[in-house]
Amino acid sequence: MTPYTLSIIGAGPAGSLAAYRLARAGHAVTVIEQHPFPRDKVCGEMLSALGQTVLQHAGLLDRLRDHLPAAIHFAQLHTMDGAVARIALPAPLMGISRHAMDAALLDAAADAGAAVRHRVRCESLNPLTLRDLSTNTLEHPPADVILVADGKGSLLPNPPPTTGDIGLKTHFTGVHLPPDTVFLFAQAGHYVGVGPIENNRWNVALNVPAAKLRAYSGDPAKLWTRLRAENPALDRAFRDATQQSATWLATPLPRFAVRTDWPANVIPLGNAVAALEPIGGEGMGLALASA
């Protein structure tokens, strides 16, 4: 086998798993990540059965189990008028923070021999152009193949437009809900997702129309108060809860179909391929499967 020189743009689950497998196969792999790791991220923080199977086959699932993630066996929906629907999941979800999961997978890639460069941003694919954010210098490193795992497809000549929705996420403790269940609380025009993760914490992740957030001066804390008032079951669940994160994370939510206009020798992974509605942990599962 002739080893390839590969650059992987993005150190999330898809990029890190691809780096791990390619480095183990003897290729020269460099992971390019513009953010310092580990880091938090807007995400439902649930790994589907598909994602768990992919990591089991790669020999990496135990690295996640070391963090004692939550085992989620049920899903429950609460409407605004008090109706409840509860189902048993066909296979358990794993509730684990992106801070823990992404760090574990990137560490595995580095242990396998991949080079990891933090605070370096990819600015173009053809030619490959990197900017070191610490020194502001530009580089044009050689690469036989570029794998794009930036999570948004932003490196295409015509990047996909953002939607009118904003994703918000934070963590709480002291939530009055059974820790084996993921919850969807219906709101006016959107929903709030609540799921257990490691260390007895709860992830709160939601998509909200940007106009609704602007109506509360762009302040997620003020919006959260309104959302609790809109759904009595949500209000009861959080009556004694304590927010663990100092702030809410926010990001525009992309949604776009698969695109085929990638340059030669460039392979998209995960949400660089397509962005799906983020329900049920299948976003991360499909990202890992693509890797």
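Structure: above.
Below you will find a few notes about this structure.

Reading guide: rules and limits
Residues numbered from 1 in each chain as written. Predicted model: local features only at pLDDT ≥ 70, side-chain atom pairs only at ≥ 80, totals over all residues. Heavy atoms only, no water. Patch = residues over 30% accessible without salt bridge, like charges linked within 9 Å, V, L, I, M, F, W, Y side chains within 5 Å. Areas by Shrake-Rupley, 256 points an atom, 1.4 Å probe, with all protein chains shown as cover. Salt bridge = Lys/Arg side-chain N within 4 Å of Asp/Glu carboxyl O. Helix = DSSP H or I, 4+ residues; strand = E, 2+ residues; numbered from the N terminus. Buried < 20%, exposed > 50% of the residue type's maximum accessible area, 1.4 Å probe, protein only. Pairing = 2+ DSSP bridges. Core = buried A, V, L, I, M, F, W, Y, C linked by side-chain atoms within 4.5 Å. Contact = heavy atoms within 4.5 Å. Lys, Arg positive; Asp, Glu negative; His and termini not counted. Axes fitted to C-alpha atoms, helices over the stretch in contact; angles between N-to-C directions. Parallel < 35°, antiparallel > 145°, perpendicular 65-115°, else oblique. Left-handed = near helix turned anticlockwise from the far one by under 90°. Nonpolar A, V, L, I, M, F, W, Y, C, P; charged D, E, K, R; others polar.

Observations regarding a nonpolar patch on the surface
Together, Leu50, Leu276 and Leu286 make up an exposed nonpolar region whose accessible area comes to about 240 Å². With respect to the helices, strands and loops of the structure, Leu286 is situated in helix α8 (residues 282-290).

Some points on the environment of Leu89
Secondary-structure assignment places Leu89 in strand β5 (residues 84-95). Given the relative accessible area of 22%, Leu89 is considered partly exposed.

Concerning the pairing of strand β14 (residues 201-209)
The buried fraction of β14 is high, at eight of nine residues. Here eight bridges tie strand β11 (residues 162-173) to β14, and the two strands are oriented antiparallel to one another. If you follow Gly167 over to β14, its bridge partner there is Asn207. Bridge count for strand β13 (residues 190-197) against β14 is seven bridges, and the pairing is antiparallel. Across the sheet, residue Tyr191 finds its bridge partner in β14, namely Asn207. Between β13 and β14, which pair antiparallel in sequence order, lie three residues; one of them, Asn199, sits at a positive phi of approximately 65°.

Some points on the nonpolar core
Counting residues in each nonpolar core, the largest one holds 37 residues, and the members touching the most others are Leu17, Leu47, Leu55, Leu60, Leu64, Met101 and Leu288. Contributing elements (two or more residues each) for this core: β1 (5-9), α1 (13-24), β2 (28-33), α2 (49-58), α3 (61-65), α4 (98-111), β10 (145-148) and α8. Residue contributions to this core peak at seven residues, all from α4. Ignoring any residue separated from it by four or fewer positions in sequence, one finds Leu55 in contact with Leu17, Leu47, Leu60, Leu61, Leu64, Leu105 and Leu288. By size, the runner-up hydrophobic cluster in this structure holds 23 residues, among which are Val194, Val204, Leu223 and Leu227.

Considering the side chain of Glu33
Here Glu33 shows up in strand β2. No salt bridge forms around the buried Glu33; measuring N to O, its nearest opposite-charge neighbour Arg39 is 5.2 Å away. Residues in contact with Glu33, not counting those within four places in the same chain, are Gly10, Ala11, Arg117, His118, Arg119 and Val120.

Some points on the packing of α1 against α4
Packing of α1 against α4 brings their axes to within 8 Å, and their N-to-C directions diverge by 20°. On the basis of the axis angle, α1 is roughly parallel to α4. For the pair α1 and α4, the sense of crossing is left-handed. Contact residues: α1 offers Pro13, Ser16, Ala19 and Tyr20, while α4 offers Arg98, Met101, Asp102, Leu105, Leu106, Ala108 and Ala109. Residue composition of the contact of α1 with α4, by class: eight nonpolar, one polar and two charged.

Overview of the sheet that holds strand β8 (residues 128-132)
Taken together, the three strands give an open sheet; going across it, the order is β7-β8-β9, and neighbouring strands pair in antiparallel fashion. The two strands at the open ends of the sheet, each matched to only one other strand, are β7 (120-125) and β9 (137-139). The mean angle between the axes of side-by-side strands here comes to 25°, regardless of whether they run parallel or antiparallel. Pairing of β7 with β8 involves five bridges; the strand directions are antiparallel. In the sheet register, Val120 faces β8, and the bridge partner there is Asp132.

Everything listed here is a matter of coordinates, which is why it stays silent on function.
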